[in-house]
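# Structural overview for review
Now for the letters of each chain:
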Amino acid sequence: MSKICFVTGKKTIFGNNRSHAMNATKRKFHPNIHKNRFWIPSKKKFIKLNISTQGIKIINKYGIETVLKKKRESI
């Protein structure tokens with residue numbers, strides 16, 4: 001599963017694990033991504049999106065159709 005949010009664009013970032021002796025080893029910080037189905041009333045069908053928890057909050061606030069419209073305009 002892709003670790004990129006459809007709404008916010010959040011993706012994996014890289015950093016370091018730091019030991020007590022301050023040794024650095026590479027690590028990944030993954031966003032909290034979920035695969036959700038959303039009902040679109042105008043099209044009368046479901047769509048599946050990989051979406052972060054912040055993206056879910058945005059959809060709950062503005063609605064799925066508004067978010068999809070903004071996404072289409074930005075492309």
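Refer to the structure above for everything that follows.
Residues numbered from 1 in each chain as written. Predicted model: local features only at pLDDT ≥ 70, side-chain atom pairs only at ≥ 80, totals over all residues. Heavy atoms only, no water.

### Here we look at the packing of aromatic side chains
Applicable threshold: Each Phe, Tyr or Trp ring (for Trp, its six-membered ring) is paired with any other whose centre lies within 6.5 Å, and the angle between the two planes then decides the class: stacked below 30 degrees, edge-to-face above 60, tilted in between. Any residue under 20% of the maximum accessible area for its type is buried, any over 50% is exposed, and the rest in between are partly exposed; the area is computed with a 1.4 Å probe on protein chains only. Only when the NZ atom of a Lys or the CZ atom of an Arg is both within 6 Å of the ring centre and within 35 degrees of the ring normal do we say a charge sits over the ring.
A full pass over the atoms with the stated rule returns one aromatic pair. When the centroid spacing of 5.0 Å and the interplanar angle of 65 degrees are considered together, the rings of Trp39 and Phe46 count as edge-to-face. The class for Phe46 is partly exposed, based on a relative accessible area of 42%. The ring of Phe46 has Arg37 sitting right over it, with the charged end atom 3.8 Å from the ring centre. One residue, Lys70, lies across the ring of Tyr62, its end atom 5.3 Å from the ring centre.

### Some thoughts on the nonpolar core
Looking at soluble globular proteins, one finds that nonpolar side chains tend to be buried together. Short version of the rule: The term nonpolar core refers to a set of buried residues drawn from Ala, Val, Leu, Ile, Met, Phe, Trp, Tyr and Cys, joined through side-chain atoms within 4.5 Å. Put simply, DSSP H or I for four residues or longer makes a helix, DSSP E for two residues or longer makes a strand, and each gets a number counted from the N terminus.
Counting 11 residues, the largest nonpolar core consists of Cys5, Ile33, Phe38, Ile40, Ile47, Leu49, Ile51, Ile59, Ile64, Val67 and Leu68. Those elements that provide at least two residues to this core are strand E3 (33–40), strand E4 (45–52) and helix H2 (64–74).

### Remarks on the pairing of strand E2 (residues 24–29)
Heads up, the condition is: By definition, two strands form a pair when at least two bridges between them are found by DSSP.
Bridge count between strand E1 (residues 13–18) and E2: six bridges; the pairing is antiparallel. Each residue of the ladder has a partner; that of Asn17, found in E2, is Thr25.

### Points about the environment of Thr66
Here is the rule: Any N or O atom pair separated by 3.5 Å or less is treated as a polar contact, with the protein-specific requirement of one donor-capable and one acceptor-capable atom, and with residues adjacent in sequence counted only for side-chain atom pairs.
Tracing the chain through its elements places Thr66 in helix H2. A polar contact of 3.2 Å, which involves the side chain of Thr66, links it to the backbone oxygen of Tyr62.

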